[in-house]
Amino acid sequence: MNKLFTYTVSLNADREIFRRTCLEIEKYREIKRKELIEDVDGSQIAVFEAPDGIIKVFNDYEVDAVYVDSEIDLKGCKIWG
């Protein structure tokens, strides 16, 4: 993944904010969830596929944040918790 854009959604890891962020990304353009990965510490990564790139949403308990790494600009997507 060539990371071009990073968006901080929340400065605290939070399952509900993570879930809402994923729902907003799924509504944005032609984006489909590819997989959901869960770590032993409860951290989650949702991977989405769009025609022009990959998007990853992180609910990271180690960093204590919800953030998005994206190969495409999500400027018009309402991902803010």
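Look above for the structure.
Just so it is clear, the model here is predicted, and its values are computed rather than measured. (Residues numbered from 1 in each chain as written. Predicted model: local features only at pLDDT ≥ 70, side-chain atom pairs only at ≥ 80, totals over all residues. Heavy atoms only, no water.)

### What to know about the environment of T21
For the record, the criterion: Secondary structure elements are taken from DSSP: a helix is a run of H or I of four residues or more, a strand is a run of E of two residues or more, and numbering for both begins at the N terminus. Contact definition: two residues touch when any of their heavy atoms are within 4.5 Å. Two N or O atoms form a polar contact when they lie within 3.5 Å of each other; inside protein one atom must be a possible hydrogen donor and the other a possible acceptor, and for residues adjacent in sequence the pair counts only when both atoms belong to side chains.
Among the secondary structure elements, T21 is positioned in helix 1 (residues 15-27). The residues touching T21, leaving out its near neighbours within four places in the chain, are V9, V57, V66, V68 and I79. Side-chain polar atoms of T21 contact the backbone oxygen of I17, separated by 2.7 Å.

### Some points on helix 1
Cut-off, in case you're wondering: Every helix has an expected span of 1.5 Å times one less than the residues it contains. Burial classification: accessible surface area is computed with a 1.4 Å probe over protein chains only, and a residue below 20% of its type maximum counts as buried, one above 50% as exposed, and the rest as partly exposed. What the arc describes is the spread of directions from the helix axis to the C-beta atoms.
Relative to the 18 Å expected for 13 residues at 1.5 Å per residue, helix 1 spans 19 Å between its end C-alpha atoms, a close match to the ideal helical length. Every buried residue of helix 1 is accounted for by I17, F18, T21, C22 and I25. In a view along the axis of helix 1, the buried residues occupy a sector of 135 degrees, so they form one face of it. Its side-chain oxygen at 2.8 Å from the backbone nitrogen of E16, D14 defines the N-terminal cap of helix 1.

### Overview of the sheet that holds strand 2 (residues 32-38)
To be explicit about the condition: Here, a strand pair is defined by DSSP locating no fewer than two bridges between the strands. Between N-to-C directions, angles cover 0 to 180 degrees, with each direction set by a line fitted to C-alpha atoms, over the stretch in contact for helices.
Here we have 5 strands laid out as an open sheet, ordered 1-5-4-3-2, and antiparallel in their pairing. Looking at the sheet topology across the chains shown, the edges are occupied by strand 1 (5-10) and strand 2. The sheet shows a mean angle of 15 degrees between the axes of neighbouring strands, taken without regard to direction. Pairing between strand 2 and strand 3 (residues 44-50): 6 bridges, direction antiparallel. Residue E38 lies in a different strand from strand 3, and its bridge partner there is Q44.

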